[in-house]
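# An overview of the molecular structure
The residues making up each chain are set out below.
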Amino acid sequence: MEPFRSHTGIGVPLRRSNVDTDQIIPAVYLKRVTRTGFEDGLFHAWRQQPDFILNIEPFSRGSVLVAGPDFGTGSSREHAVWALQDYGFRVVIASRFGDIFRGNSGKQGLLAAQVAQPDVELLWKLLENDPGTEVTVDLMEKTVQARDLTVAFGIDDYTRWRLLEGLDDIGLTLRHAEDIAAFEATRLARLPVTSAP
Amino acid sequence: MGRTLTEKVWEDHLVHSGEGAEPDLLYIDLHLVHEVTTPQAFEGLRLAGRRVRRPDLTLGTEDHNVPTTDVELPIADPVSRTQVETMRSNCAEFGVPLYPMNHAEQGIVHVVGPQLGLTQPGMTVVCGDSHTSTHGAFGALAFGIGTSEVEHVLATQTLPLRRFATMAINVTSPDGRLRPGVTSKDVVLAMIAQIGTGGGQGYVLEYRGNVIENLSMEARMTICNMSIEAGARAGMIAPDETTFAYLKGRDHAPQGADWDAAVASWRELRTDADATFDAEVDIDASALTPFVTWGTNPGQGVPLGERVPDPATIVDENERAAAEKALAYMDLAAGTPLREVAVDTVFVGSCTNGRIEDLRAAAEVIEGRKVADGVRMLVVPGSMRVRFQAEAEGLDAVFTAAGADWRSAGCSMCLGMNPDQLAPGERSASTSNRNFEGRQGRGSRTHLVSPLVAAATAVRGTLSSPEDLD
């Protein structure tokens, strides 16, 4: 995973709450067995509408999505994160995230930045009044800055550290390989195994 | 100080305690896999030269993509077929047991685990599917994960996790019963409407109280299944005699002296009297009536006897905007009595309500009656085992005599990854778990309901409960 320190790009105001992962990418795109190329599925239904924000220049070139509360609820599909990244997004800002989506983002290097809803409203107004405004998201300082507006964002310390260092979870866990083996040695024999009985 | 059920299971699975911001490392007892969220995980293992650490704790099934007709034939959709074939080759390559299409044990992953007795109290269970919360009905800590985490569990049989907060959901009534015609589906829909789709974020919900204690295992699974729709990581119910009776004799349940030892240890899996939850919510079930959703998230629900709400009465600006968008999408006018809303399709099935008790409940309502003209009713058992059981009881004959379609097992119209979809603009009453925009097909409109309401709706053609029938 590439280290993430700070990112600057066009901000996209998405005035919707409860953007579930079915909206981010519909199930029909989940049939693929590849890891890339999901950008065409991103917000597929909404992109059929000409006035959808990503169909409007310069928002179509955006890389910082500013969404309403409860972004990424519902299905566990990591394809939602892949689709956002494949389209070009590096950061999603919202006041609340679905837990699984937030976790998936952290694994893939998409920054899910938690910003208080009043600050989200300020960002929305700024981005709508001045389309194409660039937003700088600084993971070192935990700030979002656009023109003269600077707001703080929240992220848990461990995910922040992993993103800053670009560390891969499996590699980190395998440092505890002896602990895993020791735990397995103590597991009860009566616990089920999946081979047919 | 006492510990909650969640904390007990957590601590029993600690491989490594995290220090400071570092998460704990938790051992995973059972990893269920299906064709949709695994291909990229297996590919990751291959690229890194890793193996599946514990194929004997991993079980695969094919459910999301599979057609529910002609299951003995190859899948017609080439993309779906490729994904299912990829699942088979991955499971063969990595030694993971798999129940493929047309196998007697095939079915929806969250129906298969419990019916085989693989899901047991006190275990940790994960799957690349958010409805893994279903297995919490046994007092297991069970939750959905993303594909990166699937790869992580395949490689290490562990997950790095920060502790979840705990929330008690106390569901009570004076006599511990629900009113006639009211089911655990109505309880969980009412709960989500009460706390909201984000109300459970970060929490494990522990369902407690006399109403929960009186529910069957299958009814408990329906409640735990939809914990994710309140945003929760997991739902749990302490195991009791109902749990033990359900498990006893199942294929993978312990036997003989092991059974006795297991039950003795399972009895300890209760929240201690002096333990505290991070939050508590009370649900008064005494006044509960059948519940139905009107909008495009599972929190947008009201009792069936009410009207479509007026967004103008909603104070919160975001909620109001969401309600306006939802009504426009659903093509519903505020103030319309829900009982007057006509549907095109009724779907009975899914990991929420695709078990034998659900099919029995729907069959009892529809027996001797007919599906209304112009309405299509699809009955999709959650697993092949459920299908065989239903056929042994003659339920298939009841459904087909009423004019319903009787199908093979799979996720089917819950998410429309197979041919079972609504056409644009079509409306369903569905026993599934999500009424999101486009969930059951592009432009589809979904009302979430219980199996009883689904069956009554099929008969009348408008949203109905059994008491509306002659």
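As the structure is a computational prediction, the values presented were derived from the model and not from experiment.

Turning next to the environment of Val348 of chain B. Residues and elements named next belong to chain B. With respect to the secondary-structure elements, Val348 resides in strand β15 (residues 345–348). Note on Val348: 32 C-beta atoms within 10 Å, which makes it buried. Sequence separation between Val348 and Ala455 is 107 residues, and the spatial gap between their C-alpha atoms is 8.1 Å. Apart from residues no more than four positions distant in its own chain, Val348 is found in contact with Asn353, Asp358, Ala362, Val379, Thr431, Pro451 and Ala454.

Let's shift gears to the interface of chain A and chain B. Listed per partner, the contact involves 49 residues of chain A and 66 residues of chain B. Looking at the side of chain A that touches chain B, the elements with two or more residues in it are α1 (21–24), α3 (99–108), α5 (157–165), α6 (169–173) and α7 (177–186) of chain A. Ranked by the residues each element gives to the side of chain A that touches chain B, the list is headed by α3 of chain A, at six residues. Broken down by class, the residue content of the side of chain A that touches chain B amounts to 18 nonpolar, 16 polar and 15 charged.

Right, let's get into the sheet that holds strand β2 (residues 24–27) of chain B. Residue and element names in this part refer to chain B. With antiparallel pairing, three strands are arranged side by side in an open sheet as β1-β2-β8. The open sheet has two edge strands, β1 (14–16) and β8 (158–161), and neither has a second partner. Between one strand and the next, the sheet's axes are offset by a mean angle of 40 degrees, whatever the strand orientation. When β1 meets β2, the two strands line up antiparallel, connected through two bridges. Bridge pairing links Leu14 to Leu26 in β2.

What follows concerns the confidence of the model for chain B. Confidence in the prediction of chain B, expressed as mean pLDDT, is 97, and 100% of residues score 70 or more. Under the prediction, the complex receives an ipTM of 0.94, its pTM being 0.96.

So, about the sheet that holds strand β6 (residues 124–127) of chain B. Sheet strands associate in pairs through backbone hydrogen bonding, adopting either a parallel or an antiparallel arrangement. Residues and elements named next belong to chain B. Across the sheet, which stays open at both edges, the five strands sit in the order β5-β4-β3-β6-β7 with parallel pairing between neighbours. Each of the sheet's edge strands pairs with one partner strand only, and the pair in question is β5 (98–99) and β7 (141–144). Where β6 lies against β7, four bridges are found, and the strand directions are parallel. Note on β7: the bridge partner recorded for Val126 is Phe143.

Residue and element names in this part refer to chain B. Listed as buried for helix α15 (residues 395–402) are Leu395, Asp396, Val398, Phe399 and Ala402. Down the axis, α15 shows its buried residues gathered within 160 degrees of arc, on one side only. Of the surrounding secondary structure, the elements contacted by the buried residues of α15 are α13 (356–366), β16 (376–379), α14 (384–392) and β17 (405–406). Immediately beyond the C-terminal end of α15, within one or two residues, lies Gly403, with a positive phi of roughly 100 degrees.

Residues and elements named next belong to chain B. Both strand β9 (residues 165–172) and strand β10 (residues 203–208) contribute to a ladder of six bridges, which runs parallel. What sits directly across from Thr166, in β10, is Val204. Sheet analysis places β9 next to strand β12 (residues 279–284), joined by six bridges and oriented parallel. The residue bridging Val171 from the neighbouring strand is Ile283, located in β12.

So, on to the packing of α13 of chain B against helix α16 (residues 451–460) of chain B. Residue and element names in this part refer to chain B. As a packed pair, α13 and α16 sit with axes 8 Å apart at the nearest point and diverge in direction by 30 degrees. If you check the angle between α13 and α16, you find them roughly parallel. The handedness of the crossing between α13 and α16 comes out as right-handed. Along the contact surface, α13 presents Asp358, Ala361, Ala362, Val365 and Ile366, while α16 presents Pro451, Leu452, Ala454, Ala455, Ala456, Ala458 and Val459. Residue composition of the contact of α13 with α16, by class: 11 nonpolar, no polar and one charged.

Residue and element names in this part refer to chain B. Neither face of strand β19 (residues 445–448) is open: one carries Arg445 and His447, the other Thr446 and Leu448, and all of them are buried. When strand β18 (residues 427–430) meets β19, the two strands line up parallel, connected through four bridges. Directly across from Ala429, in β19, lies its bridge partner His447.

The next subject is the environment of Gly209 of chain B. Note that Gly209 of chain B resides in the loop between β10 and α7 (210–213). In this structure the C-alpha to C-alpha distance between Gly209 of chain B and Ile169 of chain B, which are 40 residues apart in sequence, comes to 8.1 Å.

All names here are of chain B. In contact at an axis separation of 8 Å, helix α6 (residues 184–195) and helix α8 (residues 217–225) are set at 20 degrees when each is read in the N-to-C sense. By the criterion of interaxial angle, the relationship of α6 to α8 is roughly parallel. Like other packed secondary-structure pairs, α6 and α8 cross with a definite hand, here right-handed. For the pair formed by α6 and α8, the contact residues are Ser184, Lys185, Val187 and Val188 on the first element and Ala219, Arg220, Thr222 and Ile223 on the second. For the contact of α6 with α8, the per-class residue count stands at four nonpolar, two polar and two charged.

Conventions we followed
- Residues numbered from 1 in each chain as written.
- Chains lettered and ligands numbered in written order.
- Predicted model: local features only at pLDDT ≥ 70, side-chain atom pairs only at ≥ 80, totals over all residues.
- Helix = DSSP H or I, 4+ residues; strand = E, 2+ residues; numbered from the N terminus.
- Buried ≥ 20, exposed ≤ 12 C-beta atoms within 10 Å, placed from the backbone.
- Contact = placed C-beta atoms within 7 Å.
- Nonpolar A, V, L, I, M, F, W, Y, C, P; charged D, E, K, R; others polar.
- Pairing = 2+ DSSP bridges.
- Axes fitted to C-alpha atoms, helices over the stretch in contact; angles between N-to-C directions.
- pLDDT = per-residue confidence, 0-100.
- Arc of directions from axis to C-beta.
- Parallel < 35°, antiparallel > 145°, perpendicular 65-115°, else oblique.
- Left-handed = near helix turned anticlockwise from the far one by under 90°.

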